[in-house]
Amino acid sequence: AQSVTQPDIHITVSEGASLELRCNYSYGATPYLFWYVQSPGQGLQLLLKYFSGDTLVQGIKGFEAEFKRSQSSFNLRKPSVHWSDAAEYFCAVNDNAGNNRKLIWGLGTSLAVNP
Amino acid sequence: DAMVIQNPRYQVTQFGKPVTLSCSQTLNHNVMYWYQQKSSQAPKLLFHYYDKDFNNEADTPDNFQSRRPNTSFCFLDIRSPGLGDAAMYLCATSPIGSYEQYFGPGTRLTVT
């Protein structure tokens, strides 16, 4: 069965430090991959997506992610974190089990940013 | 700006008292989703509409129903809310042929 794993439940970084959030997936074909961010009490906002082509994807708010097929990973990165980046981050992959309209979600990584 | 709107943002209901949450969109997307999200958890899909075609998740309780009277609006009805139904309810939309979903701000439901 398809799955998405975010190994880090909680990460704390200092403002200005670099960030990498890990995402591993299990999928039988070429996946469609997404990263969403959720601020407290808010809905989810799409940060970036990978469908095909260049494996390094640029997103909003200075985030990027790299698709590595050999490692089944789609890690999210940011070179310099801002205090406003503190939020919950979810990785997702499309569900190809007969219904590509659904997403399979990771459990999320909670990011705290120290001043 | 095109967007997904959810009303109300906060809803308090009593145990067993029916409640309706609403979602509207100006994106003109054909697919609409309802998710339930509990604290510190990933969103859990309840059901989705592909145009008027309703798709229920196998583990969605019968207590949850939905209506989509037109492309722009979708409603979530909880017939007899229990304490365990307290959660954030998220509406999302997606255009046909795409996989990305666009979310509303959510409705926080409290059951007393």
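Note: the structure precedes this text.
No experiment lies behind these values; they were computed from the predicted model shown.

1. Structural notes on the state of the cysteines
What makes a disulfide is a covalent bond joining the sulfur atoms belonging to two cysteines.
Right, on to step 1. Across all of its chains, the model carries two disulfides over all chains by this definition.
Right, on to step 2. Disulfide pairing is shown between Cys23(A) and Cys91(A); the S-S distance is 2.0 Å. Given an S-S torsion of about -70 degrees, the disulfide between Cys23(A) and Cys91(A) has left-handed geometry. Of the two residues, Cys23(A) sits in the loop between strand E3 (19-21) and strand E4 (24-26) while Cys91(A) sits in strand E10 (residues 87-94), which places them 68 residues apart along the sequence.
Right, on to step 3. Just so you know, Cys74(B) is unpaired, no disulfide at all, and the nearest cysteine sulfur is the one on Cys91(B), 6.0 Å from it.

2. Examining the interface of chain A and chain B
Right, on to step 1. Contact residues are listed per partner, giving 21 residues for chain A and 21 residues for chain B.
Right, on to step 2. Together, the buried faces of chain A and chain B total about 1,800 Å²; carbon and sulfur atoms form 55% of this surface.
Right, on to step 3. On the chain A side of the contact with chain B, Leu44(A), Arg101(A) and Trp105(A) bury the most area, a combined 34% of that side's loss.
Right, on to step 4. Applying the counting criterion to the chain A and chain B interface returns two salt bridges.
Right, on to step 5. We note a salt bridge from Lys49(A) to Glu100(B), for which the minimum N-O separation is 2.7 Å.
Right, on to step 6. One can count nine residue pairs in polar contact (both at pLDDT 80 or more) joining chain A with chain B.

3. A few points about unusual backbone geometry
Right, on to step 1. Note that the residue after Asn7(B), namely Pro8(B), is joined by a cis bond; omega there is -10 degrees.
Right, on to step 2. Tracing the chain through its elements places Pro8(B) in the loop between strand E1 (4-7) and strand E2 (10-13).
Right, on to step 3. Phi at Ser72(A) is positive, roughly 50 degrees, even though this residue is not glycine.
Right, on to step 4. Of note, Ser72(A) is situated in the loop between strand E8 (64-68) and strand E9 (73-78).
Right, on to step 5. Classification of Ser72(A) as partly exposed rests on a relative accessible area of 26%.
Right, on to step 6. Here Ser40(B), not a glycine, exhibits a phi torsion of approximately 60 degrees, which is positive.
Right, on to step 7. Checked against the element boundaries, Ser40(B) lands in the loop between strand E4 (31-37) and strand E5 (44-50).
Right, on to step 8. With a relative accessible area of 68%, Ser40(B) lands in the exposed category.

Rules and cut-offs
- Residues numbered from 1 in each chain as written.
- Chains lettered and ligands numbered in written order.
- Predicted model: local features only at pLDDT ≥ 70, side-chain atom pairs only at ≥ 80, totals over all residues.
- Heavy atoms only, no water.
- Disulfide = S-S within 2.5 Å.
- Helix = DSSP H or I, 4+ residues; strand = E, 2+ residues; numbered from the N terminus.
- Contact = heavy atoms within 4.5 Å.
- Buried area = accessible area lost by both parts, 1.4 Å probe.
- Salt bridge = Lys/Arg side-chain N within 4 Å of Asp/Glu carboxyl O.
- Polar contact = N/O pair within 3.5 Å; in protein donor to acceptor, adjacent residues only side chain to side chain.
- Buried < 20%, exposed > 50% of the residue type's maximum accessible area, 1.4 Å probe, protein only.

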